[in-house]
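One-letter residues, chain by chain:
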Amino acid sequence: MTASGAKRGRGGPPRRNLIAVLAIVALSGALFGYDQGVISGALRDIRQTFDADTFAVEVAASWVTPGALVGALLGGHLADRVGRRGALWVAAAAFAVGTIVQAFAPVIGVMFGARLILGLGIGVASVAGPMYAAEAAPERIRGSLLALYQFSTTFAIFIGYLADELFEAGSSWRYLLGAAALLGVALALVTTVIPDSAVWYVGRGDRRRAEASLRATVPPEKVPQRLHAVQESLAAGKAGWREVLSHEWRRPLVLGVGLALFQQLTGINGIIYYADEIFSAAGFHTPQAQLAATTWAIGAVDSLFTLVAVAFLDRLGRRPLLLVGLLGMAVSLVVVSVSFAKMDPGAQATGATGHHPTDAGIFLLVGVVMFVAFYAMSIGPAAWTVINEIFPGRIRGRCVAVASATHWGTEYLVTQFFLSMLDALGRSGVFALFAGTCVLGFLFIWRYLPETRGRTLEEIQQMWQNDARVRRSHRAGAGSR
């Protein structure tokens, strides 16, 4: 075997370039994950440092999300105008600047602005990172590679939780938040050593660079075929919003937006938001014990079961994992809802302050862990995978931006109005509502999602076009009768 062949491994793609693509996906997810994990434990110290009221603390925690929503919409435009790499550089710079400014913020108002800026970087990265990986990765590992975005997010949350446990008091929150700037710097450095995607180069009319980009991650014998397929998929030129909203692409757009909605409406942020009271009812009495329980029962379980999706998305497919996961999530939330219904005020007091957890508290904890596990192995990572592979190249940037903005907007709304939902429906009612949403998500996946495992992006595009032609012919036939 030649040295070149050894490097590629049986004619496969160069390992170094695939590792670089993997690093881009992992760092894009870690930007949000680490910040979300660390800020949850830093809020108490931020309140004390700035003598801030509850509203100001809530703004400091939540303004990352609207920043990410704007960043997601901007990310699609940037990915089409300056390339996937250019968008990632913007994301890395915005995130690094935002984290440094918040770490040195002299007043709470400066922190508000800093968190909007770093949220902007997170939103751009959530579009450009997975999009680049979807376009660069071989189809046989595309699902697993994209699932790493969610794994890196959950693992970084876990690391953030651990950091909060290790450094609890004083001004350590500034160092913990500021350390995230290293993630932005790392993303910028990795992005400099790889070419942009072939889809971007073909769209610019640069066949030579497109071929070189494909050779970086695709086996040499497949390069001509893939290059021809990319050229065919982009032959109609750059699309406007009219084509994005056209009947031909309506089904994948509805699918992408629906996945983003159900990923957030099925209750994951409700579980995380309500973790302290859940663990208090289950017998974890002190704030330190509740933080440790959150770290391991949510953070560690989330990370561990996301690896199930990484391992099986390309073996079993997207549909089976999503359908099994959503059913499991529905059952788990029914357990959580029934447990809350069984906890009368006296039992709740015993669970929160007594020496032993109640039976309902134990079932509550089991339900939470089951829910996190099913979410982590299914819609958590699979939604990002499907969103980044179902759109044709000429409209991918705009469509992924719409779906990602839907994700961030829905997350913000759920977080913002969760307490109001509790007041209106009660704890049991809220989680029963989330269980019903999981059932609706199951029906949505059953109806709208075809299996995309093992198909190239161009083959998926052709699948939608064939489907649109069949539906048009059916309508024409019905009209002629």
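How each quantity is defined
- Residues numbered from 1 in each chain as written.
- Predicted model: local features only at pLDDT ≥ 70, side-chain atom pairs only at ≥ 80, totals over all residues.
- Heavy atoms only, no water.
- Helix = DSSP H or I, 4+ residues; strand = E, 2+ residues; numbered from the N terminus.
- Core = buried A, V, L, I, M, F, W, Y, C linked by side-chain atoms within 4.5 Å.
- Buried < 20%, exposed > 50% of the residue type's maximum accessible area, 1.4 Å probe, protein only.
- Contact = heavy atoms within 4.5 Å.
- pLDDT = per-residue confidence, 0-100.
- Expected span 1.5 Å × (residues − 1).
- Polar contact = N/O pair within 3.5 Å; in protein donor to acceptor, adjacent residues only side chain to side chain.
- Axes fitted to C-alpha atoms, helices over the stretch in contact; angles between N-to-C directions.
- Parallel < 35°, antiparallel > 145°, perpendicular 65-115°, else oblique.
- Nonpolar A, V, L, I, M, F, W, Y, C, P; charged D, E, K, R; others polar.
- Phe/Tyr/Trp six-rings, centres within 6.5 Å; stacked < 30°, edge-to-face > 60°.
- Lys NZ or Arg CZ within 6 Å of the ring centre and 35° of its normal.
- Salt bridge = Lys/Arg side-chain N within 4 Å of Asp/Glu carboxyl O.

Engineer: Give me the lowdown on unusual backbone geometry, citing residues and values where you can.
Structural biologist: The backbone of Asp 51 sits at a positive phi, close to 50 degrees, despite the residue not being glycine. Mapping Asp 51 onto the fold places it in the loop between helix H2 (15–50) and helix H3 (54–62).

Engineer: Outline the nonpolar core, listing residues and values.
Structural biologist: Among the nonpolar cores identified, the biggest contains 125 residues, and Ile 46, Met 111, Ile 122, Ile 271 and Phe 431 are the most heavily contacted of them. Take this core: its biggest share by element is 16 residues, from helix H22 (residues 393–448). Leaving out residues up to four positions away in the same chain, Phe 431 has contacts with Gly 270, Ile 271, Tyr 274, Leu 333, Val 336, Ser 337, Phe 340 and Phe 418. Grouped together as the second largest cluster of nonpolar side chains are 12 residues, Ala 198, Val 202, Ala 210 and Val 223 included.

Engineer: How would you sum up the confidence of the model for the chain? Please name residues and give values.
Structural biologist: When pLDDT is averaged across the chain, the result is 84; 87% of the residues are at 70 or more. No element of the chain has a lower mean pLDDT than helix H1 (residues 3–8), at 41, and none a higher one than helix H5 (residues 83–103), at 95. Within the model, pLDDT remains below 50 along residues 1–13, and this stretch shows 20 contacts once partners closer than five positions in the same chain are excluded. Note that pLDDT drops below 50 for residues 346–354; the model gives that stretch 13 contacts with residues more than four away or on any other chain.

Engineer: Can you break down H5 residue by residue, with the values?
Structural biologist: Under the 1.5 Å per step criterion, the end-to-end length of H5 is 31 Å for 21 residues, consistent within 8% with the ideal 30 Å. Within H5, 15 of the 21 residues are buried, which leaves the element mostly enclosed by the surrounding structure.

Engineer: Give me the lowdown on the side chain of Arg 226, citing residues and values where you can.
Structural biologist: Mapping Arg 226 onto the fold places it in helix H12 (residues 223–233). Residue Arg 226 is classed as buried on the basis of its relative accessible area, which comes to 9%. A distance of 3.4 Å separates the side chain of Arg 226 from the side chain of Glu 139, its partner in a polar contact. Here Arg 226 is in contact with Glu 135, Ala 137, Glu 139, Leu 214, Val 218, Thr 456 and Glu 458, once residues within four sequence places are set aside.

Engineer: So what about the packing of helix H20 (residues 359–377) against helix H21 (residues 379–387)? Which residues, and what values?
Structural biologist: Contact geometry of H20 with H21 gives a least axis separation of 4 Å together with a crossing angle of 20 degrees. Of the possible angle classes, the one that applies to H20 and H21 is roughly parallel. For the pair H20 and H21, the contacting residues are Tyr 375, Ala 376 and Met 377 in the first and Ile 379, Gly 380 and Pro 381 in the second. Residues of the contact of H20 with H21, tallied by class, amount to 5 nonpolar, 1 polar and no charged.

Engineer: How would you summarise the packing of aromatic side chains if you had to cite specific residues and measurements?
Structural biologist: Using the criterion set out here, one finds 14 aromatic pairs in the structure. Centroid distance Phe 262 to Phe 444: 5.5 Å. Interplanar angle 45 degrees. Geometry classified as tilted. Taken together, the positions of Phe 262 in helix H14 (residues 250–265) and Phe 444 in helix H22 put the pair 182 residues apart, joining distant regions of the chain. Arranged with centres 6.5 Å apart and planes meeting at 0 degrees, the rings of Phe 418 and Phe 434 form a pair that is stacked. In this structure an aromatic cluster arises from ring pairing among Phe 340, Phe 418, Phe 431 and Phe 434. Over the ring of Phe 312 we find Arg 315, and its NZ or CZ is 5.8 Å from the ring centre. The aromatic ring of Tyr 448 is capped on one face by Arg 447, whose charged end is 5.0 Å from the ring centroid.

Engineer: Outline the pattern of salt bridges, supporting the account with residue identities and numerical values.
Structural biologist: Between side chains of opposite charge, a pair can form when the charged atoms approach closely. In the structure shown here, the tally under the stated rule is 11 salt bridges. In this structure, the salt-bridge partner of Asp 35 is Arg 115, at a minimum N-O distance of 2.9 Å. Remark: Arg 115 occurs in helix H6 (residues 108–136) and Asp 35 occurs in helix H2; sequence separation between them is 80 residues. Its relative accessible area of 4% is what places Asp 35 among the buried residues. Relative accessible area serves as the criterion here: at 0%, Arg 115 is assigned to the buried category. Linking Arg 215 and Glu 211 is a salt bridge whose minimum nitrogen-to-oxygen distance equals 3.1 Å. One end of the pair, Arg 215, and the other, Glu 211, are both in helix H11 (residues 207–217), 4 residues apart, so they sit about a helical turn from each other. Given a relative accessible area of 35%, Arg 215 falls into the partly exposed group.

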